[in-house]
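Here are the chains, one letter per residue:
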Amino acid sequence: MIISCIKSAELALQVINEELLHNPSEDLLEEKEILENRINFYKSNLSKMPEIENRLYYKIEYEGKSIMKAVNEVADENYYNDIKPTDPTWIFRKYLKNIRKYLNNNETTI
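In this text, all values refer to a predicted model and were calculated from it rather than measured experimentally.

Conventions and cut-offs
- Residues numbered from 1 in each chain as written.
- Predicted model: local features only at pLDDT ≥ 70, side-chain atom pairs only at ≥ 80, totals over all residues.
- Heavy atoms only, no water.
- Helix = DSSP H or I, 4+ residues; strand = E, 2+ residues; numbered from the N terminus.
- Contact = heavy atoms within 4.5 Å.
- Salt bridge = Lys/Arg side-chain N within 4 Å of Asp/Glu carboxyl O.

**Q** Mind showing me how you'd approach the environment of glutamate 10 here?
**A** With respect to the helices and strands, glutamate 10 occurs in helix H1 (residues 2-22). Sequence spacing of glutamate 10 and leucine 35 is 25 residues, and the spatial spacing of their C-alpha atoms is 7.9 Å. Setting aside chain neighbours within four positions, we find glutamate 10 in contact with Ile39, Lys43 and Tyr62.

If you want it as structure tokens, here you go:
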């Protein structure tokens, strides 16, 4: 899942940023730039992917929307694009449980 790729790259970027504080080097700066580009690539693809989990995750994690706002927006997008399911309750029950483990702990509240 692309979500786990983003999380892995973000963790690696955190480590590099900490290392740069203690030991700045050209190699680390280059590696940091590569990771930042990779994360941006993943994020842009994540927002465009049709999988409901990916769209929910993107709206909650990167757009900073509440869970219910994200669920309602995905339901609306599905309705306008003739994608099933369009019921927010169904999306909440079926798809949100799949991404809860990827969300930050403070964002798992409704």
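From this point, things continue past the structure.
**Q** Help me out: how do you make sense of the pattern of salt bridges in this one?
**A** Pairing is possible between side chains of opposite charge, provided their charged atoms come close. One pass over the full model with this rule turns up six salt bridges. With its nearest N and O atoms 2.9 Å apart, the salt bridge here joins glutamate 77 to lysine 59. Here glutamate 77, found in helix H4 (residues 67-80), pairs with lysine 59, found in helix H3 (residues 52-62); they are 18 residues apart in sequence, far enough to count as distant. Here glutamate 63 ties to lysine 65 by a salt bridge, and the two come within 3.0 Å at their closest N and O atoms.

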